[in-house]
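Here are the chains, one letter per residue:
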Amino acid sequence: MAKYKIAWLPGDGIGIEVLEAAKIVLDKLNLDAEYIHGDIGWEFWCKEGDAFPERTIDLLNNVNAAMFGAITSKPVKAAEAELIPELKGKGLVYRSPIVRMRQLFDLYTCLRPIKAYPGNPLNFKENIDIVVFRENTEDLYSGVEFNPVPEELRDLLLKISKPFSAFKDIPLDRYAISCKINTKKGSEKIICAAFNFAKKFGRKKVTVVHKANVVRATDGLFFETAKEIAKDYPGIQLDDANIDAMTMWLLKNPFNYDVLVAPNLYGDIISDLCAQMVGGLGFGCSGNIGDKLAVFEPTHGSAPKYFGQYKVNPIATILAAKMMLDWLGEKDMAVKLENAVAEVIKEGKVRTYDMGGNNKTLEMANEIASKL
Ligand code: IPM
Ligand code: MG
(Lines give C-alpha, C1' and ligand atoms only; values in the text may rest on other atoms or scores of the structure.)
(Ligands and ions follow the chains in the order given, each with its own letter.)
Protein backbone atom coordinates (compact mmCIF):
# COMPACT_ATOMS: atom_id res chain seq x y z
CA MET A 1 0.00 0.00 0.00
CA ALA A 2 1.20 3.49 -0.82
CA LYS A 3 2.29 5.74 2.05
CA TYR A 4 -0.14 8.49 1.13
CA LYS A 5 -3.58 8.74 -0.40
CA ILE A 6 -3.98 11.92 -2.39
CA ALA A 7 -7.30 13.09 -3.80
CA TRP A 8 -6.72 14.36 -7.31
CA LEU A 9 -9.30 16.99 -8.29
CA PRO A 10 -8.52 18.57 -11.67
CA GLY A 11 -11.86 20.39 -11.97
CA ASP A 12 -12.45 22.41 -15.14
CA GLY A 13 -10.55 24.10 -17.94
CA ILE A 14 -6.84 24.54 -17.48
CA GLY A 15 -7.18 23.01 -14.00
CA ILE A 16 -6.83 19.70 -15.84
CA GLU A 17 -3.66 20.81 -17.63
CA VAL A 18 -1.84 22.23 -14.63
CA LEU A 19 -2.56 19.13 -12.53
CA GLU A 20 -1.10 17.02 -15.32
CA ALA A 21 2.03 19.15 -15.00
CA ALA A 22 2.14 18.74 -11.21
CA LYS A 23 1.88 14.96 -11.62
CA ILE A 24 5.02 14.96 -13.77
CA VAL A 25 7.12 16.45 -10.98
CA LEU A 26 5.55 14.37 -8.21
CA ASP A 27 6.23 11.21 -10.21
CA LYS A 28 9.81 12.27 -10.81
CA LEU A 29 10.19 12.74 -7.05
CA ASN A 30 8.86 9.22 -6.57
CA LEU A 31 6.39 10.30 -3.95
CA ASP A 32 4.95 7.09 -2.54
CA ALA A 33 1.32 8.00 -3.12
CA GLU A 34 -1.89 6.68 -4.54
CA TYR A 35 -3.68 9.40 -6.49
CA ILE A 36 -7.45 9.04 -6.52
CA HIS A 37 -9.47 11.01 -9.03
CA GLY A 38 -12.43 13.00 -7.69
CA ASP A 39 -15.29 14.50 -9.68
CA ILE A 40 -15.69 18.22 -9.15
CA GLY A 41 -16.65 21.16 -11.31
CA TRP A 42 -19.07 22.87 -13.56
CA GLU A 43 -19.83 19.72 -15.54
CA PHE A 44 -21.24 18.00 -12.44
CA TRP A 45 -23.36 20.96 -11.55
CA CYS A 46 -24.89 20.90 -15.00
CA LYS A 47 -25.39 17.11 -14.94
CA GLU A 48 -26.25 16.49 -11.31
CA GLY A 49 -27.05 19.86 -9.78
CA ASP A 50 -23.96 19.54 -7.60
CA ALA A 51 -20.49 20.72 -8.55
CA PHE A 52 -19.06 19.00 -5.48
CA PRO A 53 -20.86 15.65 -5.37
CA GLU A 54 -21.26 13.57 -2.23
CA ARG A 55 -18.85 10.89 -3.56
CA THR A 56 -16.08 13.52 -3.76
CA ILE A 57 -16.81 14.58 -0.18
CA ASP A 58 -16.48 10.91 0.86
CA LEU A 59 -13.18 10.71 -0.97
CA LEU A 60 -11.84 13.76 0.85
CA ASN A 61 -12.77 12.14 4.14
CA ASN A 62 -10.43 9.28 3.31
CA VAL A 63 -7.23 10.88 2.07
CA ASN A 64 -4.14 12.52 3.56
CA ALA A 65 -4.29 15.55 1.27
CA ALA A 66 -5.67 16.76 -2.04
CA MET A 67 -4.49 18.58 -5.13
CA PHE A 68 -7.12 20.77 -6.74
CA GLY A 69 -6.89 22.35 -10.20
CA ALA A 70 -9.50 25.01 -10.82
CA ILE A 71 -13.20 25.43 -11.19
CA THR A 72 -15.41 27.62 -13.26
CA SER A 73 -17.34 29.69 -10.72
CA LYS A 74 -20.24 31.50 -12.29
CA PRO A 75 -22.72 33.49 -10.24
CA VAL A 76 -25.77 31.51 -11.34
CA LYS A 77 -29.15 32.43 -9.99
CA ALA A 78 -32.13 30.15 -9.68
CA ALA A 79 -33.66 31.76 -12.78
CA GLU A 80 -30.61 30.85 -14.88
CA ALA A 81 -30.56 27.31 -13.54
CA GLU A 82 -34.05 26.94 -14.94
CA LEU A 83 -32.53 27.17 -18.42
CA ILE A 84 -30.49 23.98 -17.87
CA PRO A 85 -32.84 21.05 -18.62
CA GLU A 86 -31.44 18.72 -15.92
CA LEU A 87 -31.85 21.38 -13.24
CA LYS A 88 -35.21 22.81 -14.23
CA GLY A 89 -37.67 23.12 -11.38
CA LYS A 90 -35.13 22.35 -8.64
CA GLY A 91 -34.66 25.93 -7.47
CA LEU A 92 -30.88 25.45 -7.28
CA VAL A 93 -28.37 28.24 -6.79
CA TYR A 94 -24.73 27.62 -7.70
CA ARG A 95 -22.27 27.98 -4.85
CA SER A 96 -18.55 27.75 -5.43
CA PRO A 97 -17.37 24.21 -4.58
CA ILE A 98 -13.99 25.38 -3.33
CA VAL A 99 -15.68 27.71 -0.85
CA ARG A 100 -17.95 24.84 0.26
CA MET A 101 -14.97 22.52 0.58
CA ARG A 102 -13.13 25.00 2.79
CA GLN A 103 -16.16 25.28 5.05
CA LEU A 104 -17.17 21.64 5.11
CA PHE A 105 -13.70 20.40 6.08
CA ASP A 106 -12.87 23.40 8.25
CA LEU A 107 -9.82 24.25 6.15
CA TYR A 108 -9.55 27.44 8.13
CA THR A 109 -6.10 28.52 7.00
CA CYS A 110 -5.55 29.76 3.51
CA LEU A 111 -1.79 29.96 3.26
CA ARG A 112 -0.37 31.93 0.36
CA PRO A 113 3.39 32.34 0.18
CA ILE A 114 4.54 35.28 -1.95
CA LYS A 115 8.12 34.89 -3.05
CA ALA A 116 10.04 36.67 -5.80
CA TYR A 117 12.20 33.96 -7.32
CA PRO A 118 15.40 35.52 -8.69
CA GLY A 119 15.38 35.92 -12.45
CA ASN A 120 11.61 35.95 -12.86
CA PRO A 121 11.08 38.71 -15.44
CA LEU A 122 7.67 39.37 -13.91
CA ASN A 123 8.93 40.32 -10.45
CA PHE A 124 7.73 43.74 -9.36
CA LYS A 125 10.81 43.98 -7.16
CA GLU A 126 13.47 41.43 -6.25
CA ASN A 127 13.59 39.81 -2.80
CA ILE A 128 9.91 40.09 -1.93
CA ASP A 129 9.10 37.43 0.62
CA ILE A 130 5.68 37.74 2.25
CA VAL A 131 3.38 35.07 3.61
CA VAL A 132 -0.36 35.65 3.62
CA PHE A 133 -2.62 33.93 6.14
CA ARG A 134 -6.20 34.33 5.01
CA GLU A 135 -9.09 33.16 7.17
CA ASN A 136 -10.82 30.67 4.93
CA THR A 137 -14.28 29.77 6.22
CA GLU A 138 -16.08 32.86 7.59
CA ASP A 139 -16.61 36.54 6.89
CA LEU A 140 -18.45 37.67 3.76
CA TYR A 141 -18.04 34.12 2.47
CA SER A 142 -20.55 32.89 5.07
CA GLY A 143 -23.10 32.19 2.35
CA VAL A 144 -25.79 33.85 4.46
CA GLU A 145 -27.31 36.12 1.85
CA PHE A 146 -30.72 37.50 1.03
CA ASN A 147 -32.04 38.83 -2.26
CA PRO A 148 -34.92 39.54 -1.94
CA VAL A 149 -34.80 40.26 1.76
CA PRO A 150 -37.33 38.29 3.83
CA GLU A 151 -39.92 40.42 5.57
CA GLU A 152 -39.16 38.99 9.01
CA LEU A 153 -35.50 39.89 8.63
CA ARG A 154 -36.40 43.45 7.63
CA ASP A 155 -38.76 43.79 10.59
CA LEU A 156 -36.18 42.46 13.00
CA LEU A 157 -33.48 44.78 11.69
CA LEU A 158 -35.84 47.74 11.96
CA LYS A 159 -36.35 46.85 15.58
CA ILE A 160 -32.73 46.36 16.55
CA SER A 161 -30.64 48.59 14.28
CA LYS A 162 -30.83 52.34 14.04
CA PRO A 163 -28.88 52.74 10.79
CA PHE A 164 -31.17 50.18 9.18
CA SER A 165 -34.07 52.66 9.22
CA ALA A 166 -32.46 54.15 6.08
CA PHE A 167 -33.74 51.06 4.20
CA LYS A 168 -37.23 50.95 5.66
CA ASP A 169 -39.13 52.24 2.63
CA ILE A 170 -37.24 50.25 0.00
CA PRO A 171 -39.21 47.28 -1.42
CA LEU A 172 -37.81 43.95 -0.26
CA ASP A 173 -36.69 42.92 -3.72
CA ARG A 174 -34.87 46.20 -4.31
CA TYR A 175 -31.97 45.61 -1.96
CA ALA A 176 -29.90 42.67 -0.80
CA ILE A 177 -28.13 41.59 2.35
CA SER A 178 -24.91 39.57 2.57
CA CYS A 179 -23.85 38.70 6.09
CA LYS A 180 -20.26 39.13 7.16
CA ILE A 181 -19.95 36.65 10.01
CA ASN A 182 -16.75 36.41 12.02
CA THR A 183 -16.38 34.37 15.16
CA LYS A 184 -13.94 34.78 18.00
CA LYS A 185 -12.87 31.17 17.61
CA GLY A 186 -12.40 31.45 13.84
CA SER A 187 -10.38 34.63 14.27
CA GLU A 188 -8.24 33.03 16.99
CA LYS A 189 -7.48 30.01 14.86
CA ILE A 190 -6.14 31.93 11.87
CA ILE A 191 -4.30 34.52 13.95
CA CYS A 192 -2.63 31.78 16.02
CA ALA A 193 -1.68 29.99 12.79
CA ALA A 194 -0.01 33.18 11.55
CA PHE A 195 1.89 33.78 14.80
CA ASN A 196 2.92 30.13 15.12
CA PHE A 197 4.28 30.25 11.60
CA ALA A 198 6.17 33.47 12.37
CA LYS A 199 7.66 31.89 15.48
CA LYS A 200 8.62 28.65 13.76
CA PHE A 201 10.30 30.33 10.79
CA GLY A 202 11.88 33.26 12.62
CA ARG A 203 9.69 35.91 11.05
CA LYS A 204 9.70 39.23 12.85
CA LYS A 205 6.36 40.84 12.21
CA VAL A 206 2.69 39.94 11.75
CA THR A 207 0.50 42.60 10.12
CA VAL A 208 -3.24 42.35 10.71
CA VAL A 209 -5.26 43.62 7.76
CA HIS A 210 -8.71 44.96 8.61
CA LYS A 211 -11.11 47.87 8.32
CA ALA A 212 -11.95 48.15 11.99
CA ASN A 213 -12.39 51.91 11.80
CA VAL A 214 -15.62 51.37 9.83
CA VAL A 215 -16.59 47.73 10.06
CA ARG A 216 -16.45 47.83 13.80
CA ALA A 217 -18.18 44.68 14.93
CA THR A 218 -16.56 42.02 12.77
CA ASP A 219 -13.20 43.60 11.95
CA GLY A 220 -13.07 45.04 15.44
CA LEU A 221 -13.38 41.52 16.84
CA PHE A 222 -10.66 40.28 14.50
CA PHE A 223 -8.23 43.06 15.41
CA GLU A 224 -8.91 42.83 19.16
CA THR A 225 -8.32 39.09 19.00
CA ALA A 226 -4.99 39.69 17.28
CA LYS A 227 -3.95 42.08 20.04
CA GLU A 228 -4.73 39.47 22.67
CA ILE A 229 -2.91 36.67 20.88
CA ALA A 230 0.15 38.81 20.11
CA LYS A 231 0.82 39.03 23.87
CA ASP A 232 1.74 35.34 23.82
CA TYR A 233 4.43 35.95 21.20
CA PRO A 234 6.76 38.51 22.75
CA GLY A 235 9.46 38.25 20.06
CA ILE A 236 7.10 39.07 17.22
CA GLN A 237 5.91 42.56 16.39
CA LEU A 238 2.18 43.08 15.91
CA ASP A 239 1.45 45.59 13.18
CA ASP A 240 -1.90 46.50 11.63
CA ALA A 241 -3.25 48.29 8.60
CA ASN A 242 -6.58 49.14 7.04
CA ILE A 243 -7.22 47.15 3.88
CA ASP A 244 -7.37 50.25 1.67
CA ALA A 245 -4.13 51.76 2.92
CA MET A 246 -2.54 48.34 2.82
CA THR A 247 -2.92 48.10 -0.96
CA MET A 248 -0.96 51.34 -1.33
CA TRP A 249 1.71 50.51 1.21
CA LEU A 250 2.28 47.08 -0.20
CA LEU A 251 3.14 48.61 -3.53
CA LYS A 252 5.11 51.44 -2.00
CA ASN A 253 7.22 49.28 0.24
CA PRO A 254 6.66 45.54 0.11
CA PHE A 255 9.76 45.04 2.25
CA ASN A 256 7.89 46.43 5.25
CA TYR A 257 5.81 43.28 5.31
CA ASP A 258 6.56 39.82 6.51
CA VAL A 259 3.51 37.79 7.60
CA LEU A 260 0.02 39.15 6.84
CA VAL A 261 -3.15 37.89 8.47
CA ALA A 262 -6.62 38.88 7.30
CA PRO A 263 -10.29 37.97 7.38
CA ASN A 264 -11.47 36.03 4.34
CA LEU A 265 -12.39 38.71 1.80
CA TYR A 266 -9.50 41.08 2.53
CA GLY A 267 -7.21 38.07 2.41
CA ASP A 268 -8.63 37.16 -0.98
CA ILE A 269 -7.94 40.64 -2.31
CA ILE A 270 -4.55 41.17 -0.74
CA SER A 271 -3.27 37.77 -1.84
CA ASP A 272 -4.03 38.57 -5.48
CA LEU A 273 -2.22 41.88 -5.17
CA CYS A 274 0.73 40.15 -3.54
CA ALA A 275 0.77 37.38 -6.16
CA GLN A 276 0.96 39.98 -8.92
CA MET A 277 4.09 41.43 -7.33
CA VAL A 278 5.89 38.12 -7.80
CA GLY A 279 4.68 37.15 -11.24
CA GLY A 280 0.91 37.00 -11.17
CA LEU A 281 -1.39 34.12 -11.89
CA GLY A 282 1.33 31.73 -12.92
CA PHE A 283 3.02 31.97 -9.54
CA GLY A 284 0.25 32.28 -6.92
CA CYS A 285 -0.01 29.04 -4.97
CA SER A 286 -2.29 28.25 -2.13
CA GLY A 287 -2.88 25.78 0.68
CA ASN A 288 -6.30 25.33 2.27
CA ILE A 289 -5.27 23.82 5.55
CA GLY A 290 -7.27 22.37 8.40
CA ASP A 291 -6.31 20.18 11.33
CA LYS A 292 -7.00 16.92 9.51
CA LEU A 293 -7.03 17.68 5.80
CA ALA A 294 -5.30 20.09 3.47
CA VAL A 295 -6.13 20.92 -0.15
CA PHE A 296 -3.52 22.56 -2.37
CA GLU A 297 -4.28 24.60 -5.45
CA PRO A 298 -3.05 27.33 -7.75
CA THR A 299 -4.74 30.62 -6.93
CA HIS A 300 -5.79 31.16 -10.53
CA GLY A 301 -9.08 30.09 -12.06
CA SER A 302 -9.99 27.70 -14.86
CA ALA A 303 -9.24 30.19 -17.69
CA PRO A 304 -11.69 28.63 -20.17
CA LYS A 305 -10.27 30.70 -23.03
CA TYR A 306 -6.91 28.92 -22.74
CA PHE A 307 -8.33 25.45 -22.20
CA GLY A 308 -6.95 22.87 -24.60
CA GLN A 309 -3.90 24.93 -25.54
CA TYR A 310 -1.54 23.72 -22.82
CA LYS A 311 0.00 27.17 -22.66
CA VAL A 312 -0.53 28.38 -19.10
CA ASN A 313 2.25 28.44 -16.57
CA PRO A 314 2.12 25.41 -14.28
CA ILE A 315 4.55 26.85 -11.72
CA ALA A 316 1.72 27.97 -9.39
CA THR A 317 0.42 24.40 -9.26
CA ILE A 318 3.90 22.91 -8.95
CA LEU A 319 4.57 25.22 -6.01
CA ALA A 320 1.22 24.12 -4.56
CA ALA A 321 2.51 20.54 -4.84
CA LYS A 322 5.62 21.68 -2.98
CA MET A 323 3.35 23.01 -0.23
CA MET A 324 1.63 19.64 -0.13
CA LEU A 325 4.98 17.91 0.35
CA ASP A 326 5.68 20.23 3.28
CA TRP A 327 2.30 19.43 4.80
CA LEU A 328 2.87 15.69 4.41
CA GLY A 329 6.20 16.08 6.20
CA GLU A 330 8.28 15.30 3.09
CA LYS A 331 10.63 18.20 3.74
CA ASP A 332 13.52 16.96 1.60
CA MET A 333 11.31 16.52 -1.44
CA ALA A 334 9.73 19.93 -0.84
CA VAL A 335 13.12 21.64 -0.73
CA LYS A 336 14.30 19.75 -3.79
CA LEU A 337 11.21 20.75 -5.74
CA GLU A 338 11.42 24.40 -4.77
CA ASN A 339 15.09 24.48 -5.72
CA ALA A 340 14.28 22.96 -9.10
CA VAL A 341 11.60 25.59 -9.72
CA ALA A 342 13.99 28.36 -8.65
CA GLU A 343 16.71 27.02 -10.96
CA VAL A 344 14.44 26.87 -13.99
CA ILE A 345 13.21 30.41 -13.35
CA LYS A 346 16.76 31.68 -12.91
CA GLU A 347 18.08 29.98 -16.05
CA GLY A 348 15.22 31.44 -18.07
CA LYS A 349 15.63 28.90 -20.87
CA VAL A 350 12.09 27.56 -20.60
CA ARG A 351 9.39 30.18 -20.19
CA THR A 352 5.65 30.09 -20.69
CA TYR A 353 3.83 32.90 -22.49
CA ASP A 354 3.17 34.92 -19.34
CA MET A 355 6.94 35.07 -18.78
CA GLY A 356 7.51 36.19 -22.35
CA GLY A 357 8.38 32.75 -23.70
CA ASN A 358 6.89 30.21 -26.08
CA ASN A 359 7.07 27.08 -23.99
CA LYS A 360 4.03 25.01 -23.19
CA THR A 361 2.69 23.88 -19.84
CA LEU A 362 4.17 20.40 -19.94
CA GLU A 363 7.52 21.58 -21.29
CA MET A 364 7.85 23.71 -18.19
CA ALA A 365 6.91 20.76 -15.98
CA ASN A 366 9.42 18.50 -17.74
CA GLU A 367 12.17 21.11 -17.42
CA ILE A 368 11.52 21.33 -13.67
CA ALA A 369 11.41 17.53 -13.45
CA SER A 370 14.77 17.34 -15.24
CA LYS A 371 16.36 19.19 -12.32
CA LEU A 372 15.07 16.74 -9.75
C1 IPM B 1 -9.46 32.27 -4.41
C2 IPM B 1 -10.57 32.47 -5.39
C3 IPM B 1 -11.87 31.94 -4.80
C4 IPM B 1 -12.19 32.78 -3.58
C5 IPM B 1 -13.05 31.90 -5.79
C6 IPM B 1 -12.72 31.05 -7.00
C7 IPM B 1 -14.32 31.45 -5.16
O8 IPM B 1 -10.66 33.79 -5.75
O9 IPM B 1 -9.19 31.13 -4.02
O10 IPM B 1 -8.83 33.26 -4.01
O11 IPM B 1 -12.82 33.83 -3.69
O12 IPM B 1 -11.78 32.40 -2.51
MG1 MG C 1 -9.09 35.00 -4.99
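Now for a quick tour of the structure. (Residues numbered from 1 in each chain as written. Chains lettered and ligands numbered in written order. Predicted model: local features only at pLDDT ≥ 70, side-chain atom pairs only at ≥ 80, totals over all residues. Heavy atoms only, no water.)

**Here's the deal with helix H11 (residues 315–328)**
The periodicity of an α-helix, 3.6 residues per turn, causes residues three or four places apart in sequence to face the same way. Between the first and last C-alpha of H11 there are 20 Å, a value that for 14 residues agrees with the 20 Å anticipated at 1.5 Å per step. The buried fraction of H11 amounts to 12 of the 14 residues, a majority that puts the element mostly inside the structure. The set of residues buried in H11 consists of Ile 315, Ala 316, Thr 317, Ile 318, Leu 319, Ala 320, Ala 321, Lys 322, Met 323, Met 324, Leu 325 and Leu 328. Gly 329 occupies a position one or two residues after H11 and carries a positive phi of about 90°. (Helix = DSSP H or I, 4+ residues; strand = E, 2+ residues; numbered from the N terminus. Expected span 1.5 Å × (residues − 1). Buried < 20%, exposed > 50% of the residue type's maximum accessible area, 1.4 Å probe, protein only.)

**A short note on the sheet that holds strand S3 (residues 65–70)**
Read across the open sheet, the 10 strands follow the order S2-S1-S3-S12-S11-S4-S5-S10-S8-S9; overall the sheet is mixed. Of all the strands in the sheet, the pair left with one neighbour each is strand S2 (33–37) and strand S9 (237–242). Averaged over all neighbouring strand pairs, the angle between strand axes comes to 25°, with direction disregarded. Where strand S8 (residues 205–210) and S9 come together, six bridges link them in parallel fashion. Looking at S9, one finds that His 210 is bridged to Asn 242. The strands touched by helix H9 (residues 243–252) within the sheet are strand S5 (129–135), S8, S9 and strand S10 (259–262), with S9 carrying the most contacts at an inclination of about 105°. The sheet strands contacting helix H10 (residues 264–277) are strand S4 (109–115), S5, S8 and S10, and the helix crosses S5 at an angle near 155°. (Pairing = 2+ DSSP bridges. Axes fitted to C-alpha atoms, helices over the stretch in contact; angles between N-to-C directions. Contact = heavy atoms within 4.5 Å.)

**A word on the site of ligand 1**
In the neighbourhood of ligand 1, the contacting residues comprise Ser 96, Val 99, Arg 102, Arg 112, Arg 134, Tyr 141 and Asp 268. A distance of 2.7 Å separates an oxygen atom of ligand 1 from a polar side-chain atom of Arg 102. A distance of 2.7 Å is found between an oxygen atom of ligand 1 and a side-chain nitrogen or oxygen belonging to Arg 134. The fraction of the free accessible surface of ligand 1 (320 Å²) that becomes covered by protein chains is 74%. The residue inventory of the shell around ligand 1, partitioned by class, reads two nonpolar, one polar and four charged. (Near = heavy atom within 4 Å. Polar contact = N/O pair within 3.5 Å; in protein donor to acceptor, adjacent residues only side chain to side chain. Areas by Shrake-Rupley, 256 points an atom, 1.4 Å probe, with all protein chains shown as cover. Nonpolar A, V, L, I, M, F, W, Y, C, P; charged D, E, K, R; others polar.)

**Things to note about the packing of aromatic side chains**
Tallying each qualifying case throughout the model produces nine aromatic pairs. On the numbers, 5.5 Å between centres and 20° between planes, the contact of Trp 42 with Trp 45 is stacked. Here Trp 45 and Trp 42 lie together in helix H2 (residues 42–48), a separation of three residues that amounts to about one turn. Both residues of the pair, Trp 42 and Trp 45, belong to the buried class. These aromatic residues form a ring-pair network of at least three members: Phe 133, Phe 197 and Phe 201. In this structure, Arg 134 is placed above the aromatic ring of Tyr 141, and the distance from its NZ or CZ to the ring centre is 5.1 Å. (Phe/Tyr/Trp six-rings, centres within 6.5 Å; stacked < 30°, edge-to-face > 60°. Lys NZ or Arg CZ within 6 Å of the ring centre and 35° of its normal.)

**So, H9**
Where H9 is concerned, the buried positions are Ile 243, Ala 245, Met 246 and Leu 250. Here the buried residues of H9 occupy an arc of 140° about the axis, which is enough to place them on one side. Seen from the buried face of H9, the exposed residues on the opposite side, beyond 90 degrees, are Met 248 and Lys 252. Packed against the buried residues of H9 are S5, S8, S9, S10 and H10. (Arc of directions from axis to C-beta.)

**Thoughts on the packing of helix H1 (residues 14–28) against H11**
Helices that pack against each other are described as a pair by the angle of their axes relative to one another and the distance between those axes. It is at 8 Å that the axes of H1 and H11 come closest, and there the two elements cross at 50°. By the angle class used here, H1 and H11 are oblique. The two elements H1 and H11 cross, and the hand of that crossing is right-handed. The segment H1 lies against H11, with Val 18, Leu 19, Ala 21, Ala 22, Val 25 and Leu 26 engaging Thr 317, Ile 318, Ala 321, Met 324 and Leu 325. Among the residues forming the contact of H1 with H11, the class breakdown is 10 nonpolar, one polar and no charged. (Parallel < 35°, antiparallel > 145°, perpendicular 65-115°, else oblique. Left-handed = near helix turned anticlockwise from the far one by under 90°.)

**A look at the pattern of salt bridges**
A side chain with one charge may pair with a side chain of the opposite charge, provided their charged atoms come close. The tally for this structure, following the rule as stated, stands at 27 salt bridges. Linking Asp 139 and Lys 180 is a salt bridge whose minimum nitrogen-to-oxygen distance equals 2.6 Å. Taken as a pair, Asp 139 in the loop between S5 and strand S6 (145–146) and Lys 180 in the loop between strand S7 (177–178) and helix H7 (184–200) lie far apart in primary sequence, 41 residues in all. A salt bridge links Glu 367 to Lys 371; its shortest N-O distance comes to 3.9 Å. Its relative accessible area of 17% is what places Glu 367 among the buried residues. The class of Lys 371 is partly exposed, set by a relative accessible area of 25%. Among the ionic contacts, a cluster of salt bridges with common partners joins Lys 115, Lys 322, Asp 326, Lys 331 and Glu 338. (Salt bridge = Lys/Arg side-chain N within 4 Å of Asp/Glu carboxyl O.)

**Re the layout of surface pockets**
Empty space within the second largest pocket amounts to approximately 920 Å³. Along the wall of the second largest pocket there are 32 residues; nearest its centre are Leu 111, Phe 197, Phe 201, Met 323 and Asp 326. Elements represented by at least two residues in the lining of the second largest pocket include exactly S4, S5, H7, strand S11 (285–289), H11 and helix H12 (331–347). (1 Å grid on protein atoms, 1.4 Å probe; cavity = no way out; pocket = protein on both sides within 12 Å on 5 of 7 lines; lining within 4 Å. Points joined across faces, edges and corners; volume = space filled by probe spheres on them.)

**Some points on the pairing of S3**
For S3, a buried count of six out of six residues is recorded, marking the element as mostly surrounded by other parts of the structure. Relative to S3, strand S1 (residues 4–11) is paired through five bridges, and the arrangement is parallel. Directly across from Ile 6, in S3, lies its bridge partner Ala 65. The pairing of S3 with strand S12 (residues 294–298) spans two bridges and is parallel. Bridge assignment links Ala 66 to a residue of S12, and that residue is Val 295.

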